[in-house]
Amino acid sequence: VDPDPTHSAMFHQVEGLWVDESVTLPDLKGTITQFCRAFFERDDIGVRFRPSYFPFVEPGVEIDMEWSRKDGEVTYLEIAGAGVVHPDVLRNVGIDPQKYSGFAFRMGLGRLGVVKDGVSDLRLFFENDLRFLEQFR
């Protein structure tokens, strides 16, 4: 049993991949920052990118967003892993890495719901209680 209300052994995620000419890390940062601002309907939301290792991207980053906890403390919550697609990955699927580049990300949906809707415990999403779930229709 995991006593942490922000983690779960079961989770859902969305993944994204953009490959085109001249796609860079700043494109990734801008895309994720704009997504967070639109999703949370706040232009002042803090988003930070920390170096991290993932085997198919280089450089890799962990993405955190500003989160105001119920006790009033402002902290950061990890919401995604991402990075620039490694040239070998492009080469392995027949894409010329001299001409094309890209970024990829994966983002946990439960964490976004916890923050956006003020849910106190991520595990509530998995209990199948319709009284809880119907408020998100």
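Structural data are supplied above this passage.
What you are looking at is a predicted structure, and each value in this text was computed from that prediction instead of being measured. (Residues numbered from 1 in each chain as written. Predicted model: local features only at pLDDT ≥ 70, side-chain atom pairs only at ≥ 80, totals over all residues. Heavy atoms only, no water.)

**Q** What should I look at first to understand the packing of aromatic side chains in this one?
**A** One pair of aromatic rings is described through two measures. These are the centre distance and the angle between the planes. Under the defined criterion, the tally for this structure stands at four aromatic pairs. For the ring pair Phe 39 and Phe 40, a centre distance of 4.9 Å and an interplane angle of 85° mean the geometry is edge-to-face. Its relative accessible area of 27% is what places Phe 39 among the partly exposed residues. Classification of Phe 40 by relative accessible area gives buried; the value is 12%. (Phe/Tyr/Trp six-rings, centres within 6.5 Å; stacked < 30°, edge-to-face > 60°. Buried < 20%, exposed > 50% of the residue type's maximum accessible area, 1.4 Å probe, protein only.)

**Q** What am I meant to see in the environment of Lys 70 here?
**A** Among the structural elements, Lys 70 can be located in the loop between strand 3 (57–68) and strand 4 (74–85). Separated by 57 residues in sequence, Lys 70 and Glu 127 have C-alpha atoms that sit 23 Å apart. Filtering out sequence-adjacent residues up to four positions away, Lys 70 remains in contact with Gly 118 and Ser 120. (Helix = DSSP H or I, 4+ residues; strand = E, 2+ residues; numbered from the N terminus. Contact = heavy atoms within 4.5 Å.)

**Q** Sorry if this is basic, but what is going on with unusual backbone geometry here?
**A** Most of the time, phi is negative for any residue but glycine, and the peptide bond is trans. Look at the link from Glu 58 to Pro 59: it is a cis peptide, with omega at 5°. Mapped onto the elements, Pro 59 comes out in strand 3. Positive phi outside glycine occurs at Ser 22, with the angle close to 65°. Looking at the element boundaries, Ser 22 is found in the loop between strand 1 (13–20) and helix 1 (25–39). Judged by its relative accessible area of 60%, Ser 22 falls in the exposed class. Not every positive phi belongs to a glycine, and Asn 128 is a case in point at roughly 60°. Among the structural elements, Asn 128 can be located in the loop between helix 3 (109–117) and helix 4 (130–133). The class of Asn 128 is exposed, set by a relative accessible area of 61%.

**Q** What should I look at first to understand the nonpolar core in this one?
**A** In summary, soluble globular proteins display a tendency toward joint burial of nonpolar side chains. Formed by 21 residues in total, the largest nonpolar core has its most connected members in Ile 32, Cys 36, Phe 40, Ile 63 and Ile 79. Going through the elements one at a time, helix 1, strand 2 (47–52), strand 3, strand 4, strand 5 (101–108) and helix 3 are the ones with two or more residues in this core. The residues contacting Phe 40, other than those within four sequence positions of it, are Ile 45, Met 65, Leu 112, Val 115 and Lys 116. (Core = buried A, V, L, I, M, F, W, Y, C linked by side-chain atoms within 4.5 Å.)

**Q** When you look at helix 3 in this model, what are you seeing that I'm missing?
**A** For an α-helix the count is 3.6 residues per turn, leaving residues at separations of three or four pointing the same way. Residues of helix 3 that are buried: Arg 111, Leu 112, Gly 113, Val 114 and Val 115. Check the buried side of helix 3 and you find it contacts helix 1, strand 3, strand 4 and strand 5. Once helix 3 ends, the next one or two residues include Gly 118, with phi positive near 65°.

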